[in-house]
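# Residue-level structural notes
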Amino acid sequence: MAKPVVLIAEELSPATVEALGPDFDVRSVDGTDRPALLAALADASAILIRSATQVDAEAIAAAPALKVIARAGVGLDNVDIKSATTAGVMVVNAPTSNIISAAELTVGHIISLSRFIPAAHASLAAGTWKRSKFTGTELYEKTVGIIGLGRIGALITARLQAFGMNIVAFDPYVTAARAQQLGVTLLSLEELLAQSDFITIHMPKTPETTGMISTDQFALMKPTAFIVNVARGGLIDEDALYAALKSNRIAGAGLDVFVSEPPLESPLLGLDNIILTPHLGASTDEAQEKAGVSVAKSVRLALGGELVPDAVNVAGGVIAPEVRPGIPLMEKLGQVFSGLAGSPLTSVDVVISGEISELDVSVLKLAALKGIFSNIVSESVSYVNAPLLAEQRGVVVRLITESESEEYRNLLTIRGALSDGSQISVSGTLTGTKQTEKIVAINGYDVEVPIPKHLIVMVYTDRPGIVAVYGKEFGEASINIAGMQIARHAAGGQALSVLTVDSPVPEGLLETVRVAIDATLMREIDITD
C-alpha cells in the first residue's frame, strides 16, 4: 500500500522531517511557485507550510486527497480556513511555539528603550562618543503595564519581576484570584496608562481592539513613558503614535508588528525615539524548531484519525455525524457569550439537551470554550488549550447533558457566572433541512435569530417609542438594521432587543444609543467563522 504523501512547501528544520517518521512519502515543493504547488497537491494528504505559501480555495480544490494543512507557526492569514473546513480539511498550527520568543523580544525592546541601546550603537558606529546623550533609566522599581494577561503576558510578568519591577495589568477576562497568583495588580485601562512607566500590549486583533491605543490613550500616559507592541499590527494607531512621539508626548516606543508589512513608507522610520524590528517575534531557532516539530506531530495524529490538539477548525478523531454540525454553532455561541460578559468569568456550564445528548458530545464543550476565548486572549485558541486558558483564569467548567428538550430537537446552551455576581446565558439550535444556525435565547429571553456577522444586544425598560429612538440613531449613522427581535417577560418590564446589522457599529454610537434609551445592557458582538 502506498504511503500517504506529505508535502513540505517551505524550508523547515530537519527535526520536522524526523518527527514525521518513516510512515509517509515526504516530498518537497517551492510553495511560492504556484504551478508547481498546484501540481504537487494532486495526491497530497498533508501539506506543511510557513508564511509564504498561499493555501487558498484554488489550492484546496487542487488537492482531492488533502486531509490536513499544517502551518509551522501561529498566524493563519495565508490559509483559507473556511474553504478548508468546507472541504473537510483540518487546519493545524503551532500556537505555543513562539510564546517564549515573543516574551523575550518584548523584554528586549523594554531594555533597549530604557538604555537607548540601538541609538548608542549607531552613534558609536558613526564615529562619535556621546555618553551623556544616552543617559537611560533603570527598570528597578518602575511600573510596567501589561495590556492582556494571557500566556505571553504571564511570561513577561515573571521575567520583569526579576528586575524588581512593579507589574500592573488590564485584562477584563482575568479574575482577581488569577492576578494575585501572578503577583499582578489589575487596573482599568485608563489607570494603567496613567501609572505605567513602560506599557506592553498583548491582545488579539479584533474590531474592538484595533486602534485601542490612540490619541486619547497617549494623552493619559506619562511624558516619560515607553510603549511596546510585539503582538499584532494595528493595536496601536500608528498615526497617533507618530504624533505622540514627534511631539514628545511620550518618551519612546518599540514595534515589531505593523498595519502594513513591510512598513517601508511609514513616517515612523524617520523618528529617533522608536525602535522598529521586522516582525521577529517568532524568529528564533528554538521557536522555528518547536513549530515544525509540533505540526509534524499533528500531521501524524490527523492522518492516523486521532484527536489533534492544535486543530483550529475541527477537533479530529471520531465525532458522530449528528454532533459535528453543532461544533461551529457552539463556537459562535461562545463568541456571543463572551461578548455579553461585562466582567471576568468564574464558571461556565455547557448544557447539551435533546437527542444528541446520548452521544459523545465532549467536543461541544471544547468548541464552546474555543469560542469564548477566541476574541479575549492574544494567543491562538485550540480545542486543547481552551480548557487550559479556562483553568489559568480560575474558571470552573462543566459539561451537562439532558435527554429532554421541550421546544427543539437539540438545544445547545452556555451559561455562566461572572465575578460581579451576575449570570449570563445564550442558547442556540440548528433548524430546518439546511441546518440553519440560530440563537434561540439570551439571558432567559426567548428569541429566534439566525447568527449574523454583527449583532447588537440591548436591555432596557419596555415603553413606547424606544424602537423609533434607536432606529433613528442607527439610520442617521448609515447602519442598516437587517433584522430585529424584541422579547419581554411582561409589559412595562425589562425588554431585550436583538438587532442584526450589516456593518460594525462605532463605539461612540453605541454609547449614544445607550444613553438615549437608558439601557442597562448595550453590546455589539462581532462573530467570526
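Let me begin by describing the structure that accompanies this report. (Residues numbered from 1 in each chain as written. Predicted model: local features only at pLDDT ≥ 70, side-chain atom pairs only at ≥ 80, totals over all residues. Heavy atoms only, no water.)

### Considerations on the nonpolar core
- By size, the foremost hydrophobic cluster in this structure holds 53 residues, and its most contacted members are M330, L364, I372, F373, I414 and I439.
- At 8 residues, helix α14 (residues 362-374) tops the list of elements feeding residues into this core.
- Residue contacts for I414: discarding those within four places in its chain leaves M330, L333, G334, F337, V348, D349, A368, I372, I424, S425 and V426.
- If you look at the next biggest cluster of nonpolar residues, it comprises 30 residues, including L189, L193, I227 and I236. (Core = buried A, V, L, I, M, F, W, Y, C linked by side-chain atoms within 4.5 Å. Buried < 20%, exposed > 50% of the residue type's maximum accessible area, 1.4 Å probe, protein only. Helix = DSSP H or I, 4+ residues; strand = E, 2+ residues; numbered from the N terminus. Contact = heavy atoms within 4.5 Å.)

### What about the sheet that holds strand β21 (residues 494-501)?
- Taken together, 4 strands build an open sheet; the order of strands is β20-β21-β19-β22 and the sheet is antiparallel. With one partner strand each, in any of the chains shown, β20 (481-488) and β22 (521-526) form the two edges of the open sheet. Taken over all neighbouring pairs, the strand axes of this sheet differ in orientation by 15° on average, direction set aside.
- Alignment of strand β19 (residues 454-461) against β22, held across 6 bridges, turns out to be antiparallel. From the neighbouring strand, M458 faces β22, where its bridge partner is M522.
- Running over the sheet, helix α13 (residues 326-340) touches β19 and β22 and is turned about 145° from β22.
- Strands in contact with helix α17 (residues 507-517) are β19 and β22; relative to β22, the strand with the most contacts, it is inclined by about 150°. (Pairing = 2+ DSSP bridges. Axes fitted to C-alpha atoms, helices over the stretch in contact; angles between N-to-C directions.)

### Some thoughts on the environment of E58
- Checked against the element boundaries, E58 lands in helix α3 (residues 57-61).
- E58 sits 22 residues away from D80 along the chain, and the two C-alpha atoms are 9.7 Å apart.
- Within the structure, E58 has its side chain in polar contact with the side chain of R34 (distance 2.8 Å). (Polar contact = N/O pair within 3.5 Å; in protein donor to acceptor, adjacent residues only side chain to side chain.)

### Here we look at the packing of α13 against α14
- Relative to each other, α13 and α14 sit at 40°, their axes nearing to 7 Å. By the criterion of interaxial angle, the relationship of α13 to α14 is oblique. Here the hand of the crossing between α13 and α14 comes out right-handed. Residues G326, I327, M330, E331, G334, Q335, F337 and S338 of α13 touch α14, and the partners they reach there are V363, L364, A367, A368, K370, G371, I372 and S374.
- Of the residues that constitute the contact of α13 with α14, the class distribution is 8 nonpolar, 6 polar and 2 charged. (Parallel < 35°, antiparallel > 145°, perpendicular 65-115°, else oblique. Left-handed = near helix turned anticlockwise from the far one by under 90°. Nonpolar A, V, L, I, M, F, W, Y, C, P; charged D, E, K, R; others polar.)

### Digging into unusual backbone geometry
- A cis amide bond links E261 to the next residue, P262, at an omega of -5°.
- Along the chain, the position of P262 falls in the loop between β11 (252-255) and β12 (274-276).
- Even without glycine at this site, E141 takes up a positive phi of about 65°.
- Look at E141 and you get exposed, because its relative accessible area is 60%.
- The backbone of Q435 sits at a positive phi, close to 50°, despite the residue not being glycine.
- One can find Q435 in the loop between β16 (423-431) and β17 (436-442).
- You can call Q435 partly exposed: its relative accessible area is 37%.

### Quick word on empty space enclosed by the protein
- Applying the stated rule across the entire model yields 1 cavity of 30 Å³ or more.
- Considering only enclosed or pocket space, the largest cavity measures out at about 40 Å³ in volume.
- Lining the largest cavity we find L149, G150, R151, A154, V174, R178, Q392 and R393. (1 Å grid on protein atoms, 1.4 Å probe; cavity = no way out; pocket = protein on both sides within 12 Å on 5 of 7 lines; lining within 4 Å. Points joined across faces, edges and corners; volume = space filled by probe spheres on them.)

### Concerning the environment of I69
- Within the secondary structure, I69 is located in strand β4 (residues 68-71).
- Residues I69 and V91, 22 residues apart in the sequence, show an inter-C-alpha distance of 4.8 Å.
- Discounting residues that sit within four places of it in the chain, I69 has contacts with I47, I49, V55, I60, V79, A84, V89, M90, V91 and V92.

### What about the side chain of S112?
- Relative to the helices and strands, S112 resides in helix α5 (residues 99-115).
- On the basis of relative accessibility, which here comes to 16%, the residue S112 falls in the buried class.
- In contact with S112, other than residues within four places in its own chain, are I117, P118 and I275.

### Some words on the layout of surface pockets
- By volume, the second largest pocket is sized at about 1300 Å³.
- Around the second largest pocket, the lining is made up of 37 residues, and of these Y173, E208, E507, R523 and E524 lie nearest the centre.
- Of all elements in the fold, only α9 (189-195), α13, α17 and β22 reach the threshold of two or more residues within the lining of the second largest pocket.
- Per-element tally for the lining of the second largest pocket: the top contributor is β22, with 6 residues.

### Observations concerning the sheet that holds β16
- Read across the sheet, 6 strands follow the order β14-β13-β15-β16-β17-β18 without closing on themselves; strand pairing throughout is mixed. In the strand order of this sheet, the two ends are held by β14 (396-402) and β18 (445-450), each with one partner. If you compare each strand with its neighbour and ignore which way they point, the axes differ by 20° on average.
- Pairing geometry for strand β13 (residues 345-354) and β14, over 7 bridges, is parallel. Note on β14: the bridge partner recorded for V350 is L399.
- Across the sheet, α13 touches β13, β15 (410-418), β16 and β17, and the angle it forms with β16 is around 155°.
- Of the strands in this sheet, β13, β14 and β15 are in contact with α14, which crosses β13 at around 140°.

### A few points about α14
- With 13 residues, α14 extends 19 Å from end C-alpha to end C-alpha; this agrees with the ideal 18 Å at 1.5 Å per step.
- Taking burial as the measure, the 13 residues of α14 include 10 buried ones, the bulk of the element.
- Residues of α14 that are buried in the fold lie against α13, β13, α15 (385-392), β14 and β15. (Expected span 1.5 Å × (residues − 1).)

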